[in-house]
Amino acid sequence: MNLNKKIRQELMNYGRGDWSEQALKETCAAAHDVYTQKKQRRRIGFGTFLLRQVRFTAGRVWMLQAGVLIALCLVLDLQLKTGSGSYSSLGFAFSLVSAVTAMTGIPYICRSARWGMYEMETASRVSFSGLLCARLAITGAGNLIMLAAFFTLAHLKLSMPLNTASYMLLPFFIVWMGVMLLVRRACDKFLPLYCGAFSILII
């Protein structure tokens, strides 16, 4: 308290009266003492930061992915019940589902650019790369569950071989690689449109 009072007094008197080198040194020393006595906050790790992101933002992303998964499974089940599901058409359906699955993460990945927060988050205490990795982990977890659930349903209905999963993985990774390239090259407010157009082109 005495140090704070002394600093306030020095600031009130700053520019008044005679200036001296000794007074400046005393003020700097008092400010340094206050800074060293102040309790320093420990920098959080990536794991803690990821858990905080899961707590505050992952729910909406996973709800969206769950809704898309339910809709896709209903479409597949309806196609199988009507008897219109040949292996060739199902292979195309798997490719389509994988691209749509990857697209569910675009609004969340492009959130910074969409709301004009990219520059601020880049200069923040938690770097943009760390924030992007956390978002990728959250959306990626939901995407893997979507792909696994859809393929499991198709496998149980048709006893399809496991190598049929390649129909899903290749388009999925192509879409995500394109989205990451766009995030790196064109991170502006139109980024979600670029990513959506690229995904539709892949489809």
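All figures in this text were calculated on a predicted structure; none of them were measured in a lab.

Parameters and conventions
- Residue indices follow the written sequence of each chain, beginning from 1 at its first position.
- Side-chain atom pairs in this predicted model are given and counted only at pLDDT of 80 or more, local residue features only at pLDDT of at least 70, and totals for whole chains, interfaces and linings cover all residues.
- Only hydrogens and water are set aside when side-chain values are computed; all heavy atoms of the structure are taken into account.
- Numbering of helices and strands runs from the N terminus, with a helix taken as a DSSP run of H or I at least four residues long and a strand as a DSSP run of E at least two residues long.
- Contact between two residues is taken to exist if any of their heavy atoms lie within 4.5 Å; hydrogens are not considered.
- Each accessible area is a Shrake-Rupley result for a 1.4 Å probe, and residues are judged covered by the shown protein chains and nothing else.
- Residue types Ala, Val, Leu, Ile, Met, Phe, Trp, Tyr and Cys, when buried and joined through side-chain atoms within 4.5 Å, form a set referred to as a nonpolar core.
- Burial classification: accessible surface area is computed with a 1.4 Å probe over protein chains only, and a residue below 20% of its type maximum counts as buried, one above 50% as exposed, and the rest as partly exposed.
- Geometry is summarised by axes, namely lines fitted to C-alpha atoms with helices restricted to the contacting stretch, and by angles between N-to-C directions that run from 0 to 180 degrees.
- Oblique is the label for every angle not falling under 35 degrees (roughly parallel), over 145 degrees (roughly antiparallel), or within 65 to 115 degrees (roughly perpendicular).
- In this scheme the crossing of two helices becomes right-handed for a clockwise turn of the near helix relative to the far one and left-handed for an anticlockwise turn of less than a right angle.
- Each residue gets one of three labels, nonpolar for Ala, Val, Leu, Ile, Met, Phe, Trp, Tyr, Cys and Pro, charged for Asp, Glu, Lys and Arg, and polar for the others, Gly among them.
- Stacked, tilted and edge-to-face pairs are distinguished by plane angle, under 30 degrees for stacked and over 60 for edge-to-face with tilted covering the rest, among Phe, Tyr and Trp rings (Trp via its six-membered ring) whose centres lie within 6.5 Å.
- Definition used: whenever NZ (Lys) or CZ (Arg) falls within 6 Å of the ring centre and also within 35 degrees of the ring normal, the charge is taken to sit over that ring.
- We call two N or O atoms a polar contact when they sit within 3.5 Å, provided that within protein one can donate a hydrogen and the other can accept it, with sequence-adjacent residues counted only if both atoms are side-chain atoms.
- One less than the residue count of a helix, multiplied by 1.5 Å, gives the span that helix is expected to have.
- Working note: the arc is built from the helix axis to C-beta atom directions.
- pLDDT is a residue-level measure of predictor confidence that goes from 0 to 100.

Colleague: Can you tell me about the overall build of the protein, naming the residues and giving the values?
Modeller: In terms of helices and strands, the protein carries 10 helices and zero strands. Put simply, the protein runs from its N terminus to its C terminus through helices and strands in the order α-α-α-α-α-α-α-α-α-α. Sequence separation of at least 24 residues holds for 76% of the intrachain contacts in the protein that already meet a minimum separation of 6. Approximately 13,500 Å² of the protein is accessible, and the part contributed by carbon and sulfur atoms is 66%.

Colleague: An account of the nonpolar core is requested, with residue identities and associated values reported.
Modeller: Counting residues in hydrophobic clusters, the biggest one holds 32 residues, and the most contacted among them are Phe94, Phe150, Met168, Val179 and Leu191. Elements with a contribution of two residues or more to this core: helix H3 (46–81), helix H4 (87–103), helix H5 (106–109), helix H8 (128–158), helix H9 (166–185) and helix H10 (191–202). The leading source of residues in this core is H8, at seven residues. In contact with Phe94, other than residues within four places in its own chain, are Phe150, Phe151, Ala154, Met160, Thr164, Tyr167 and Met168.

Colleague: Can you explain the packing of H8 against H9? Please cite residues and give values.
Modeller: Two elements in contact, H8 and H9, have axes separated by 12 Å at closest approach and are oriented at 160 degrees. Taken together, the axes of H8 and H9 are roughly antiparallel relative to one another. Like other packed secondary-structure pairs, H8 and H9 cross with a definite hand, here right-handed. Seen from H8, the contacting residues are Leu132, Leu136, Thr139, Asn143, Leu147, Phe150 and Phe151; seen from H9, they are Met168, Phe172, Trp176, Met180 and Val183. Tallied by class, residues from the contact of H8 with H9 come to 10 nonpolar, two polar and no charged.

Colleague: Explain the packing of aromatic side chains residue by residue, including any values.
Modeller: Under the criterion given, the structure shown has one aromatic pair. Between Phe172 and Phe173 the ring centres are 5.6 Å apart and the planes differ by 75 degrees, which places this aromatic pair in the edge-to-face class. Note on Phe172: relative accessible area 6%, which makes it buried. According to the relative accessible area criterion, Phe173 is partly exposed, its value standing at 46%. The ring of Tyr108 has Arg135 lying over it, and the distance from NZ or CZ to the ring centre is 5.6 Å.

Colleague: Could you give an account of the side chain of Asn143, naming the residues involved and the relevant values?
Modeller: Position of Asn143 among the secondary structure elements: in helix H8. Exposure remark for Asn143: the relative accessible area of 0% places this residue in the buried category. In terms of polar contacts, Asn143 uses its side chain to reach the side chain of Thr104, at 3.3 Å. Residues contacting Asn143, with those up to four places away along its chain left out, are Gln65, Thr101, Ala102, Thr104, Phe172 and Trp176.

Colleague: Which residues make up H9, and what are the values?
Modeller: Under the 1.5 Å per step criterion, the end-to-end length of H9 is 29 Å for 20 residues, consistent within 8% with the ideal 28 Å. Those residues of H9 that sit buried are Met168, Pro171, Phe172, Val175, Trp176, Gly178, Val179 and Val183. Buried residues of H9, viewed axially, fall in a sector of 160 degrees; they line one side. Away from its buried face by more than 90 degrees, H9 exposes Leu170, Met177, Arg184 and Arg185.

Colleague: Let's hear about the confidence of the model for the protein: which residues, and what values?
Modeller: As a note on interpretation, predicted positions should not be read in detail where pLDDT is low. In this model, the protein carries a mean pLDDT of 78, and residues with pLDDT of at least 70 account for 79%. Looking at the elements of the protein, mean pLDDT is at its lowest for helix H1 (residues 2–12), recorded as 63, and at its highest for H10, recorded as 89.

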